[in-house]
Amino acid sequence: MAEKFDNLEEHLEKFVENIRQLGIIVSDFQPSSQTGLNQKLNFMITGLQDIDKCRQQLHDINVPLEAFEYIDQGRNPQLYTKECLERALAKNEQVKGKIDTMMKFKSLLISELTKVFPEEMAKYKAIHGDDPPS
Amino acid sequence: MTEIFSSLYAQSDAQVPPGSSALGFGPGKPPPPPPQSAVPMTVQIPHQLGDEGPCLRKPGAMNEPFYLLRELPAGNELTGSTNLITHYNLEHSYNKFCGKKVKEKLSNFLPELPGMIDSPGSQDGSSLRSLIEKPPVCSNSFTPLTGAMLTGFRLHTGPLPEQYRLMHIQPPKKKSKHKHRHHRPQDPLPPETPSDSDHKKKKKKRDDDPDRKKKKKDKKKKKNRHSPDHPGVPGSQPSSSSSLR
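What you see is a predicted model, and the numbers here were worked out from it, not measured in a lab.

Chemist: Quick question: what am I supposed to make of the overall build of chain A here?
Modeler: Scanning chain A from terminus to terminus reveals 5 helices and 1 strand. When the helices and strands of chain A are read in sequence order from the N terminus, they spell out α-β-α-α-α-α. Taken across its 134 residues, chain A has 33% of its residues classed as buried. Of the contacts made within chain A by residues no fewer than 6 positions apart, 45% connect residues no fewer than 24 positions apart. Counting every atom, chain A has about 8,300 Å² of accessible surface; 60% of that belongs to carbon and sulfur.

Chemist: Just to check I follow, could you spell out the overall build of chain B for this structure?
Modeler: On a plain count of helices and strands, chain B comes out with 11 helices and 1 strand. Along chain B, from the amino end to the carboxyl end, the secondary structure elements read α-α-α-α-α-α-α-α-β-α-α-α. The buried share of chain B, taken over its 245 residues, is 17%. Taking contacts inside chain B between residues at least 6 apart in sequence as the whole, the part at least 24 apart equals 45%.

Chemist: I keep staring at the nonpolar core and nothing clicks. Help me out?
Modeler: Within soluble globular proteins, side chains that are nonpolar tend to cluster in buried spots. One finds Leu22, Ile25, Phe29, Leu37 and Leu41 of chain A together with Leu150 of chain B forming the largest nonpolar core, which totals 6 residues. Listing elements by their share of this core, those giving two or more residues are α1 (2–27) and α2 (34–54) of chain A.

Chemist: Any chance you could explain the interface of chain B and chain A here in plain terms?
Modeler: Many analyses report the size of an interface as the accessible area lost when the parts associate. Taken together, the contact pairs 69 residues of chain B with 54 residues of chain A. For the pair chain B and chain A, the summed buried surface comes to about 5,500 Å²; carbon and sulfur atoms form 67% of the total. When the buried surface of chain B facing chain A is broken down by residue, Phe97, Phe142 and Leu155 of chain B rank first, second and third, together holding 11% of it. At the junction of chain B and chain A, the tally comes to 2 salt bridges. The tally of links between chain B and chain A comes to 15 residue pairs in polar contact (both at pLDDT 80 or more). Breaking the side of chain B that touches chain A down by element, the ones donating at least two residues are α3 (84–87), α4 (91–99), α5 (106–109), α7 (128–133), β1 (158–159) and α9 (193–201) of chain B. In this sheet, β1 of chain B lies alongside strand β1 (residues 28–29) of chain A in antiparallel orientation, the contact comprising 2 bridges. The residue bridging phenylalanine 29 of chain A from the neighbouring strand is glycine 158 of chain B, located in β1 of chain B.

Chemist: How do you make sense of the packing of α1 of chain A against α2 of chain A when you look at a structure like this?
Modeler: Relative orientation and spacing of two packed helices are given, respectively, by the angle between their axes and the distance between those axes. Residues and elements named next belong to chain A. Where α1 contacts α2, the two axes come as close as 9 Å, and the packing angle between them is 160°. With respect to their mutual orientation, α1 and α2 come out roughly antiparallel. Remark: the crossing between α1 and α2 carries left-handed chirality. Residues Asn7, Leu8, His11, Leu12, Phe15, Asn18, Ile19, Gln21, Leu22, Ile25 and Val26 of α1 lie in contact with α2, whose contacting residues are Gly36, Leu37, Lys40, Leu41, Phe43, Met44, Gly47, Leu48, Asp50, Ile51 and Cys54. Taken together, the residues of the contact of α1 with α2 sort by class into 14 nonpolar, 6 polar and 2 charged.

Chemist: How do you make sense of the packing of aromatic side chains when you look at a structure like this?
Modeler: The description of an aromatic ring pair uses the distance of the two centres, along with the angle that the planes make with each other. All names here are of chain A. In the structure shown here, the tally under the stated rule is 1 aromatic pair over all chains. Relative to tyrosine 80, the ring of tyrosine 70 lies with its centre 5.8 Å away and its plane at 65°, an arrangement referred to as edge-to-face. Of this pair, tyrosine 70 sits in helix α3 (residues 65–72) while tyrosine 80 is found in helix α4 (residues 78–116), placing the two residues 10 residues apart along the sequence. With a relative accessible area of 12%, tyrosine 80 lands in the buried category.

Chemist: Before we go on, may I ask you to explain the side chain of aspartate 72 of chain A in this structure?
Modeler: Relative to the elements of secondary structure, aspartate 72 of chain A occurs in helix α3. Of the side chains with opposite charge, arginine 129 of chain B comes closest to the buried, unpaired aspartate 72 of chain A, at an N-O distance of 5.2 Å. Among the polar contacts listed, one links the side chain of aspartate 72 of chain A to the backbone nitrogen of leucine 128 of chain B, at a separation of 2.6 Å. Apart from the residues lying within four places of it in its own chain, the contact partners of aspartate 72 of chain A are Ser119, Pro120, Gly121, Ser127, Leu128 and Arg129 of chain B.

Chemist: Can you walk me through the pattern of salt bridges in this structure?
Modeler: It is possible for side chains of opposite charge to pair when their charged atoms get near one another. A complete count under the given rule lists 10 salt bridges over all chains for this structure. The partner of arginine 75 of chain A in a salt bridge is glutamate 104 of chain B, and the shortest N-O contact between them spans 2.8 Å. Linking arginine 75 of chain A in the loop between α3 and α4 with glutamate 104 of chain B in the loop between α4 and α5, this pair reaches from one chain into another. Under the relative-accessibility criterion, arginine 75 of chain A is labelled partly exposed at 23%. Glutamate 104 of chain B sits in the partly exposed class, given a relative accessible area of 41%. Its salt-bridge partner being lysine 96 of chain A, residue aspartate 100 of chain A comes within 3.1 Å of it at the nearest N-O pair.

Chemist: Is there a simple way to explain the environment of serine 130 of chain B in this structure?
Modeler: All names here are of chain B. Looking at where serine 130 falls in the secondary structure, it is placed in helix α7. Of the residues examined, serine 130 reaches a relative accessible area of 31% and is grouped as partly exposed. Setting aside residues no more than four positions away along its own chain, serine 130 makes contact with Gly125 and Pro135.

Criteria and thresholds
- Residues numbered from 1 in each chain as written.
- Chains lettered and ligands numbered in written order.
- Predicted model: local features only at pLDDT ≥ 70, side-chain atom pairs only at ≥ 80, totals over all residues.
- Heavy atoms only, no water.
- Helix = DSSP H or I, 4+ residues; strand = E, 2+ residues; numbered from the N terminus.
- Buried < 20%, exposed > 50% of the residue type's maximum accessible area, 1.4 Å probe, protein only.
- Contact = heavy atoms within 4.5 Å.
- Areas by Shrake-Rupley, 256 points an atom, 1.4 Å probe, with all protein chains shown as cover.
- Core = buried A, V, L, I, M, F, W, Y, C linked by side-chain atoms within 4.5 Å.
- Buried area = accessible area lost by both parts, 1.4 Å probe.
- Salt bridge = Lys/Arg side-chain N within 4 Å of Asp/Glu carboxyl O.
- Polar contact = N/O pair within 3.5 Å; in protein donor to acceptor, adjacent residues only side chain to side chain.
- Pairing = 2+ DSSP bridges.
- Axes fitted to C-alpha atoms, helices over the stretch in contact; angles between N-to-C directions.
- Parallel < 35°, antiparallel > 145°, perpendicular 65-115°, else oblique.
- Left-handed = near helix turned anticlockwise from the far one by under 90°.
- Nonpolar A, V, L, I, M, F, W, Y, C, P; charged D, E, K, R; others polar.
- Phe/Tyr/Trp six-rings, centres within 6.5 Å; stacked < 30°, edge-to-face > 60°.
- Lys, Arg positive; Asp, Glu negative; His and termini not counted.

Structural data, given as structure tokens:
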């Protein structure tokens, strides 16, 4: 799994480095630089070919669009992961609180109904079994 | 409504506790006599309540002693009461991202990427969203450039105008004093320099040309100030000058 990412990362790094060197050549161009420039341009195309070949290995990888929002804003995409975990934990705690409250209400309701309607609640418990204490 | 419930849960007068009013089953109205038979009640709901259809009149429910009593749903072992972080073995990830401080900028995530990447992509049209919404129209294959095509890339000699020189500028980075930096090729450069930088590429560290020059100048100034030959040094100690000789 990590190998295909390493392969893609290597190709991307080479591609970026090639582009950077291309920019250096162009920033102060000399006539003798023409052959090097042509070579870098063809390296750029072969680099794109290599990156395109990596696509087949990664066809099952899905990236959430929200992570792209962070990148477009110039922010660290790890913040997206962090916020996802924090939101998941907060929602987990919220739902756990709801479940605990509902369990307490259920046991309280059953106990009070048993006081008022003992026969009916006995039938109810016979059908659904004894509820575990909250 | 109250009469229907009281008829469903009909009990004798002695059995009705005073607390029944607290449960909302009518404030003190005497309940009707209980039915003679012990057959499960099959009360027909009047139409005033609205016909909610077969969903409330399942054949299974009709046989139960309590109307509308259904089977409990299949219990799911995984609920919100479980700590899902530990369930899915995400404790390490949680401590990694939430326990430590994650740096804000994109350049901290991609330190090797050249260019000003911390600026929003919408400013210079390099956003990923625009790429997804409006993908560029291109062919499916990558063909190398032929000689005729490369004639279009013949450039004029000389440096670029100032307005186009921003691409290679690196954002200012904090330099650690203890690390030995291997300098990458600087801008502008002769054409042989990029090939020589292949060995230095492995270290992948870079400096800005103007920043380095400034720092070199500052270092030279400091050295000249502390030297005994410098005329403008007040109170220079003879012990320091003797060490230099």
